[in-house]
Amino acid sequence: MLSEPPTTKMFKNIITTLRGEAGFRYIAKAREMTRVGLKVINFGVGQPDVPTFQHIVDEAKKALDSGFTGYTETSGIPELRAAISEYLNSRYGSDVKADEVIVTPGAKPAIFLAIASYIEPGDEVIIPEPSFPAYPEIVRFLGAKPIYVPLKWINEDRGFEIDLNTIESAITSKTKMIVINNPHNPTGTVFSPKQIEDIYRIAAEHRLLILADEIYDNFLYDGEKLKSFISFADWRDYLLYVNGFSKTFSMTGWRLGYLVARSEVVSKMTRLAVNIWSCATSFVQRAGVAALKGSWKTVEDMIKLFERRRNVAVKKLKEIRGIKVYPSKGTFYLFPYIGDILRVVGMSSEQFVENLIGRKHVVVLPGTVFPDKAGAEFIRISFALNEDKIIEGIERFKSFVEELMRG
Ligand SMILES: Cc1ncc(COP(=O)(O)O)c(C=O)c1O
């Protein structure tokens, strides 16, 4: 008998070990359940539920109609690179130049580009956990090691905090990079300006890179302000800055993001980008210019809407005995603590979630998909869905918990 064919035999094992983004798995499950006629309420999604704003859609149509459909510059069309630098400078008082921006097909490719451009086998990358899973998986793919530093759950009023001593003590001679996502998926934390300054100082003292992912920078509540890493005067020495259009402009399926780094680094990274994706989609880039330069009222209205939804979701969740919920200051996620309930009913967070989906058709994500242990006693709930659904979903959730607790 012939041995396994090369296509099977030679496949790189590391790829089969990569964990997918659970959100996608649960979206597929929710879709399938809806298809067979179940009334699913899906708190798993990581995208705004509002359609992409009309002026952005119109600009994409215009670009298509005018035949703007070919390849563009790998680093992005000049108008978009300029618009991105203007956005960052006017918002954060920075001094980013257009040639320090590389436009990517989504924020994830920007994350990949940043990590792949620096990280070599054996390197260590410090990642606060819970974490968006793409960072550690890309690090592992490159043969390097994610070093998780757990965020500390304090209580319902303070939420999660980052312990700078744990970050500092995780640094070894192999450490190259610290990844900071702010506002933070999945916990909804907005790190304070002081914490951001301290992290920056630690990185600078140890001559480390910072990969800052600020894709939720517009999703801020209760008047919260964001201290952006791009606002540091010497950012060019330490920073790889990621942001994108997916969340702010509800453009997840359009695939448009960007990376900011010092100009000579950007031009070197272009060599990797051109060999993988050539460029971001041409007409989507035009739409990106319209998004940044058009009226921001649609974005502001969406954030106000999300703040109201957050309030409703928090109020309803607080009615459930045993759950502790911190009202997120940023993103559109809540990350309630359910550890006491899990202990009483003897379930893991995955079992809890599977049962909730099976019995009540309510989809939430288990904290363990972010992506290891720190989230084991939590679940992630997205409030990017309408108020009626939020209320009904949490009521079903409440009855599920009550039934579980009654045994
Ligand atoms: C923290 C974080 N970074 C990056 C992304 C990916 O963004 P994009 O869809 O633009 O690739 C997400 C999406 O969920 C995210 O939560």
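Read on for an overview of the structure. As the structure is a prediction and not an experimental result, all values here were calculated from the model.

### What to know about the overall build of the protein chain
When helices and strands are tallied, the protein chain shows 15 helices and 14 strands. Its C-alpha radius of gyration of 22 Å places the protein chain within 12% of the 22 Å reference for a compact globule of 407 residues. In terms of its C-alpha atoms, the protein chain occupies a principal-axis envelope of roughly 65 × 65 × 50 Å. With 407 residues in all, the protein chain has 56% of them scored as buried. Here the contacts in the protein chain between residues at least 6 apart in sequence split such that 76% fall between residues at least 24 apart.

### Considering the packing of helix α6 (residues 107-116) against helix α10 (residues 263-276)
Describing two packed helices takes the angle between their axes plus the distance from one axis to the other. Across the interface, α6 lies against α10 with an axial gap of 10 Å and an inter-helix angle of 130°. What the angle tells us is that α6 and α10 run oblique. Between α6 and α10 lies a crossing of right-handed hand. Mapping the contact onto sequence places F112, L113, A114 and A116 in α6 and M269, L272, A273 and I276 in α10. A breakdown of the residues in the contact of α6 with α10 according to their chemical character gives 8 nonpolar, no polar and no charged.

### Some words on the site of the ligand
Of all residues adjacent to the ligand, which total 14 residues, the nearest are D213, Y216, S246, K247 and R255. Take R255: an N or O atom from its side chain is 2.7 Å from an oxygen atom of the ligand. The protein chains hide 94% of the 400 Å² of surface that the ligand would expose on its own. Element by element, the count of residues in the shell around the ligand is highest for α6, at 3 residues. By residue class, the composition of the shell around the ligand is 6 nonpolar, 4 polar and 4 charged.

### Here's the deal with empty space enclosed by the protein
Enumeration over the complete set of coordinates arrives at 2 cavities of 30 Å³ or more. One number sums up the size of the largest cavity: a volume of about 60 Å³. Breaking the lining of the largest cavity down by element, the ones donating at least two residues are β3 (124-129) and β7 (175-181). Grouping the amino acids of the lining of the largest cavity by side-chain chemistry returns 8 nonpolar, 4 polar and no charged. Here the second largest cavity defines a volume of roughly 50 Å³. What lines the second largest cavity is simply Y87, D217, N218, N243, G244, F245, T248, F249, Y258, L292 and W296. Its residues placed into classes, the lining of the second largest cavity shows 6 nonpolar, 4 polar and 1 charged.

### Looking at the pattern of salt bridges
The full count for this structure, using the stated rule, is 32 salt bridges. We note a salt bridge from R91 to D217, for which the minimum N-O separation is 3.9 Å. Taken as a pair, R91 in helix α5 (residues 78-92) and D217 in the loop between β8 (209-213) and β9 (239-244) lie far apart in primary sequence, 126 residues in all. Its relative accessible area of 0% is what places D217 among the buried residues.

### Section: the layout of surface pockets
Size it by volume and the largest pocket reaches roughly 910 Å³. Taken together, 43 residues make up the lining of the largest pocket; nearest its centre are I27, V45, G46, Q47 and T252. Going through the elements one at a time, α3 (22-35), β1 (41-42) and α6 are the ones with two or more residues in the lining of the largest pocket. Here the element with the most residues in the lining of the largest pocket is α3; it accounts for 8 residues.

### Considering the pairing of β8
Along any regular strand the residues' side chains alternate between the sheet's two faces. In terms of burial, β8 is largely enclosed, as 5 of its 5 residues are buried. What you see with β8 is no split at all: L209, L211 and D213 on one side and I210 and A212 on the other are buried throughout. In this sheet, β8 lies alongside β7 in parallel orientation, the contact comprising 5 bridges. Following the sheet pairing, I180 is matched in β8 by A212.

### Comments concerning the environment of L334
Its location among the elements puts L334 in strand β11 (residues 333-334). Its relative accessible area of 0% is what places L334 among the buried residues. Taking the C-alpha atoms as reference points, L334 and E224, 110 residues apart in sequence, are found 16 Å from one another.

### Here we look at the nonpolar core
By size, the foremost hydrophobic cluster in this structure holds 144 residues, and its most contacted members are F229, F245, F249, F352 and F397. Three or more residues apiece are contributed to this core by two domains, here domain 1 (6-51 + 298-406) and domain 2 (54-293). Not counting residues up to four positions away in its chain, the partners in contact with F229 are I180, I196, I199, Y200, I210, A212, E214, W235 and L239.

### Looking at the sheet that holds β3
One key point about sheets: their strands pair by backbone hydrogen bonds, in either a parallel or an antiparallel sense. The sheet built from 7 strands is open, its strands ordered β2-β10-β9-β8-β7-β3-β4 with mixed pairing. Strands at the two margins of the open sheet, each flanked by one partner only, are β2 (101-104) and β4 (145-150). Looking at each pair of strands side by side, their axes are set apart by 20° on average, direction ignored. Against the sheet, α5 makes contact with β2, β9 and β10 (257-260), and its axis sits at roughly 115° relative to β2, the strand it touches most. Against the sheet, α10 makes contact with β2, β9 and β10, and its axis sits at roughly 20° relative to β2, the strand it touches most.

### Details of the pairing of strand β5 (residues 152-155)
Direction of pairing for β5 relative to strand β6 (residues 159-161): antiparallel, over a ladder of 3 bridges. Counted as the bridge partner of K152 is E161 from β6.

### A word on the side chain of S94
Relative to the helices and strands, S94 resides in the loop between α5 and β2. In this structure S94 comes out as buried when scored by relative accessible area, which is 15%. Polar side-chain contacts of S94 include one of 2.7 Å to the backbone oxygen of I230. For S94, the residues in contact, after removing those within four places along its chain, are L88, N89, I230 and W235.

Procedures and definitions
Residues numbered from 1 in each chain as written. Predicted model: local features only at pLDDT ≥ 70, side-chain atom pairs only at ≥ 80, totals over all residues. Heavy atoms only, no water. Helix = DSSP H or I, 4+ residues; strand = E, 2+ residues; numbered from the N terminus. Rg over C-alpha atoms; globule rule 2.2 N^0.38 Å. Buried < 20%, exposed > 50% of the residue type's maximum accessible area, 1.4 Å probe, protein only. Contact = heavy atoms within 4.5 Å. Axes fitted to C-alpha atoms, helices over the stretch in contact; angles between N-to-C directions. Parallel < 35°, antiparallel > 145°, perpendicular 65-115°, else oblique. Left-handed = near helix turned anticlockwise from the far one by under 90°. Nonpolar A, V, L, I, M, F, W, Y, C, P; charged D, E, K, R; others polar. Near = heavy atom within 4 Å. Polar contact = N/O pair within 3.5 Å; in protein donor to acceptor, adjacent residues only side chain to side chain. Areas by Shrake-Rupley, 256 points an atom, 1.4 Å probe, with all protein chains shown as cover. 1 Å grid on protein atoms, 1.4 Å probe; cavity = no way out; pocket = protein on both sides within 12 Å on 5 of 7 lines; lining within 4 Å. Points joined across faces, edges and corners; volume = space filled by probe spheres on them. Salt bridge = Lys/Arg side-chain N within 4 Å of Asp/Glu carboxyl O. Pairing = 2+ DSSP bridges. Core = buried A, V, L, I, M, F, W, Y, C linked by side-chain atoms within 4.5 Å. Domains from an automatic or database assignment.

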